[in-house]
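An overview of the molecular structure
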Amino acid sequence: KERLLNRSSFPKPEMSIGLSVIDKHTWGLRRGEIFTIAARPGVGKTSIAISIAARLAREGKRILFFTSEMSIDSTYDRLLQVLSGLSGDKFTTGTFTDDDRKRLDAAYEELKGFGIRLALCDTCSPDIEQVKGVAREVKPDLLIYDHIQHIGGETDGARANVSKFVRGLKDIARELGCAVLALSQI
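Counting restarts for each chain: residues are numbered from 1 in the order of the written sequence. A pLDDT threshold of at least 70 governs which residues receive local features in this predicted model, and a stricter bar of 80 or more applies before side-chain atom pairs are shown or counted, although totals over entire chains, interfaces and linings include all residues. Note: side-chain values were computed over all heavy atoms of the structure, leaving out hydrogens and water.

1. Some remarks on helix H6 (residues 98–114)
- Per the convention used, a helix needs a DSSP run of H or I reaching at least four residues, while a strand needs a run of E reaching at least two, with both numbered from the N terminus. Working rule for helices: expected span equals 1.5 Å times residues minus one. Taking 1.5 Å of rise per residue, 17 residues should cover 24 Å, and H6 covers 25 Å from first to last C-alpha, within 8% of that figure.
- By the burial criterion, the buried members of H6 are Asp 100, Leu 104, Ala 107, Leu 111 and Phe 114. When H6 is viewed along its axis, its buried side chains cluster within an angular range of 65° and face the same direction. Looking at H6, the residues exposed on the side facing more than 90 degrees away from the buried face are Asp 98 and Lys 102.
- With its phi angle positive at about 50°, Gly 115 sits one or two positions after the end of H6. Exposed residues in this analysis have more than 50% of their type's maximum accessible area, buried residues have under 20%, and partly exposed residues fall in between, with area computed by a 1.4 Å probe over protein chains only. The directions considered for the arc run from the helix axis to the C-beta atoms.

Following this line, the structure appears as structure tokens:
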């Protein structure tokens, strides 16, 4: 009862995702729980997750971002895009104005300033034990896994593998007291 009544002393979620309509209904990302962003390929799941990661790193939260979807360089490009506010086509073509370069320099300095608050891991198809090992080392406030169809493990029974992996992510959330955000293609 005391824990429930103390909730009124928090004016906003500890880990807001930054979309007020969703934060209103979910109260943001919560420790010990797993959340999923699921959509068809190419609609921006990774971009949303990177925006959430950048927002929370700015607030001093420790983020562990597993990316089996993109290369580490592509992930850094996306982070710099979010931090600089520059459009993605500039990163694709490399055509930056002098003002763009200043914004990019500022974004790069901000990214460097995150230091250990933002850890990226691009292990190809890690199994849940590898994810747990890194998470125990980093001790994140938020673990983001992009995306769960790229998990490692047994080759038979893909659905059972994904289910086991998601249960493992839930165990990580509870054991380490962090929130988990899993991205999934549908």
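2. Notes on the packing of aromatic side chains
- Between the rings of Phe, Tyr and Trp (Trp by its six-membered ring), a pair exists once the centres lie within 6.5 Å; its type follows the angle of the planes, with under 30 degrees stacked, over 60 edge-to-face, and the other angles tilted. The full count for this structure, using the stated rule, is three aromatic pairs.
- Consider the rings of Phe 91 and Phe 96, whose centres lie 5.5 Å apart with planes at 85°: the pair is edge-to-face.
- Overall, the relative accessible area of 18% leaves Phe 91 in the buried class.
- With a relative accessible area of 18%, Phe 96 lands in the buried category.

3. Thoughts on the packing of helix H4 (residues 72–84) against H6
- Where H4 meets H6, the axes come as close as 8 Å, and the angle between the chain directions of the two elements is 115°. As far as their axial angle goes, H6 and H4 are roughly perpendicular. Classified by chirality, the crossing of H6 by H4 is right-handed. Listed contacts from H6 to Tyr 76, Leu 79, Leu 80, Leu 83 and Ser 84 of H4 are Arg 103, Leu 104, Ala 107, Tyr 108, Glu 110, Leu 111 and Phe 114. Interaxial angle, 0 to 180 degrees, is taken between N-to-C directions of lines fitted to C-alpha atoms, where a helix line uses only the stretch in contact. If an angle is under 35 degrees, it is roughly parallel; if it is over 145, roughly antiparallel; if it lies from 65 to 115, roughly perpendicular; otherwise it is oblique. When the near helix sits turned anticlockwise from the far one by under a right angle, the crossing is termed left-handed; a clockwise turn instead gives a right-handed crossing. The contact definition used throughout considers only heavy atoms, calling two residues in contact when any of these lie within 4.5 Å.

In short, geometric facts, not functional conclusions.
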